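# Structure assessment
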Amino acid sequence: MYTKMAAARFLQPSMGEMTVSEICDMLEYPADRKMGDLALPCFKLSKVLRKAPPMIAQTIAEKLGKKLEIADVDFGAIIGGVQEGKYDFGMAGMTVTEKRLESVNFSTTYATGIQVIIVADSSAITSLDSIFVFDENGDPVSLQNPDIKVGVQQDTTGDIYCSSDVTGWGLCDVTEDGTMTTDRVVRYKTGAEAVAALKSGKVDCVIIDNEPAKSFVAANQGIHILEGDNEYAIEDYAICVAKENTELLDQINKALAELTEDGTIGKIIEKYIPSGN
């Protein structure tokens, strides 16, 4: 029985990109194989950080007694591919949101991520308070300056959260196809493009996951991550599965529980996403 699974592209120019063949070499899996037991359309992985999701996927595949296959797709194509049956599950640093839960189910959490803000060293933005107005409960309710432009990677959690917030505040409209009618939130296909826009002054800040943010800052002079209590969002990473595929979801959750209990998941996370970074 053949089973397919999915992840997406994640670019990190500071560490280079990996082709599907290189990923297969990394996982010690034949690059010339056809559709295997588990097909994983995967992002172009950095040679260090982005090994974590496929390595976790590999351990799950072994638990399920199946083989892992990796393909190469854009982040925004994962959920649609899982829904259409192209892939059996999606794993690409994907976080659980209410919007995504409308389309797919999610496994139990295997890691926690943080959405951070990158700014130019010369920026007047020094904290979340420089960007957002907060209510008495600490929730953002508007932008401090309606002319602020925020860069995001399209279809990522940073995009979903920020676009939803700005739209809810009446500062931005979104059409049925997801197109924005204002440019307060500027969507880029990759995080690298968003960072390039920040450096060229096209946006005032970039909201992105903490781990790639570290790599972008390390590779580019003149930008930094807002430190201290300035996280935009704290989120749970999980694996998405088609709504009707409850059997596979149960199998994945069982495998994750066992791999977490025996310390395997923790070792992979610490090796490729070290807490001390």
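Structure's up top.
This report concerns the structure included in the present document. (Residues numbered from 1 in each chain as written. Predicted model: local features only at pLDDT ≥ 70, side-chain atom pairs only at ≥ 80, totals over all residues. Heavy atoms only, no water.)

Let us now look at the packing of aromatic side chains. Each aromatic ring pair is described using two quantities: the centre-to-centre distance and the angle formed by the ring planes. Here the structure, examined in full by the defined rule, presents 3 aromatic pairs. Between Phe132 and Phe134, the aromatic rings sit 6.3 Å apart at their centres with planes inclined by 75°, giving edge-to-face as the arrangement. Each ring, one from Phe132 and one from Tyr232, has its centre 5.5 Å from the other, and the planes form 25°; the classification is stacked. Of this pair, Phe132 sits in strand 6 (residues 132-134) while Tyr232 sits in the loop between strand 11 (223-225) and strand 12 (233-237), placing them 100 residues apart in sequence. Comparing Phe132 with Tyr232 shows no difference in burial state: the two are buried. Cluster of aromatic residues (ring-pair linked, three or more members): Phe132, Phe134 and Tyr232. (Phe/Tyr/Trp six-rings, centres within 6.5 Å; stacked < 30°, edge-to-face > 60°. Helix = DSSP H or I, 4+ residues; strand = E, 2+ residues; numbered from the N terminus. Buried < 20%, exposed > 50% of the residue type's maximum accessible area, 1.4 Å probe, protein only.)

This part covers the side chain of Asp159. Mapped onto the secondary structure, Asp159 falls in helix 5 (residues 157-168). Look past the residues within four positions of Asp159 in its chain and what remains in contact with it is Val152, Gln153, Gln154, Ser164 and Arg187. (Contact = heavy atoms within 4.5 Å.)

On to the pattern of salt bridges. Counted by the stated rule, this structure contains 5 salt bridges. For Glu258, the salt bridge is made with Lys63, and the minimal N-O distance between the two is 3.0 Å. You can see Glu258 sitting in helix 8 (residues 246-261) and its partner Lys63 sitting in helix 2 (residues 52-63), a full 195 residues away along the chain. Residue class for Glu258 comes out partly exposed when judged on its relative accessible area of 29%. Judged by relative accessible area, Lys63 falls into the partly exposed class, the value being 40%. Note that Glu84 is salt-bridged to Lys86, the shortest N-O span being 3.6 Å. (Salt bridge = Lys/Arg side-chain N within 4 Å of Asp/Glu carboxyl O.)

Another point: the pairing of strand 5 (residues 111-120). The element strand 5 is extensively covered by neighbouring structure, given that 8 of its 10 residues are classed as buried. For strand 5 and strand 12, the ladder comprises 5 bridges, and the chain directions are antiparallel. Directly across from Ile114, in strand 12, lies its bridge partner Ile234. Pairing of strand 5 with strand 10 (residues 205-209), which is carried by 4 bridges, proceeds in the antiparallel orientation. Bridging across to strand 10, Ile118 finds its partner in Val206. (Pairing = 2+ DSSP bridges.)

Looking at the secondary structure, you find Ser164 in helix 5. The exposure class of Ser164 is partly exposed, given its relative accessible area of 47%. Considering only alpha carbons, one finds Ser164 and Val185, 21 residues apart in sequence, at a separation of 10.0 Å.

Pairing is antiparallel in the open sheet, where 3 strands are placed in the order 3-13-4. Each having just a single partner strand, strand 3 (89-90) and strand 4 (104-106) make up the two edges of the open sheet. As paired elements, strand 4 and strand 13 (residues 240-242) share 3 bridges and run antiparallel to each other. Each bridged residue has a counterpart across the sheet, and for Phe106 the counterpart in strand 13 is Cys240. Here helix 8 sits on the sheet in contact with strand 3, strand 4 and strand 13, set at roughly 155° to strand 13. (Axes fitted to C-alpha atoms, helices over the stretch in contact; angles between N-to-C directions.)

Turning to the packing of helix 2 against helix 8, a few remarks are in order. Interaxial distance between helix 2 and helix 8 falls to 10 Å at its minimum, and their mutual angle equals 110°. Viewed along their axes, helix 2 and helix 8 adopt a mutual orientation that is roughly perpendicular. The handedness of the crossing between helix 2 and helix 8 comes out as right-handed. Across from Thr59, Ile60 and Lys63 in helix 2, the residues of helix 8 making contact are Ala255, Leu256, Glu258 and Leu259. For the contact of helix 2 with helix 8, the class distribution of residues is 4 nonpolar, 1 polar and 2 charged. (Parallel < 35°, antiparallel > 145°, perpendicular 65-115°, else oblique. Left-handed = near helix turned anticlockwise from the far one by under 90°. Nonpolar A, V, L, I, M, F, W, Y, C, P; charged D, E, K, R; others polar.)

Turning our attention to helix 8. Here helix 8 contains 16 residues, and its C-alpha end-to-end distance of 22 Å stays within 8% of the 22 Å for a straight helix at 1.5 Å per residue. Taken residue by residue, helix 8 has Leu248, Leu249, Ile252, Ala255, Leu256 and Leu259 as its buried positions. The buried residues of helix 8 all sit within an arc of 130° when viewed along its axis, so they share a single face. Pointing more than 90 degrees away from the buried face of helix 8 are the exposed residues Glu247, Asp250, Lys254 and Glu261. Among the residues trailing helix 8, Gly263 stands out with phi positive, at a value near 90°. (Expected span 1.5 Å × (residues − 1). Arc of directions from axis to C-beta.)

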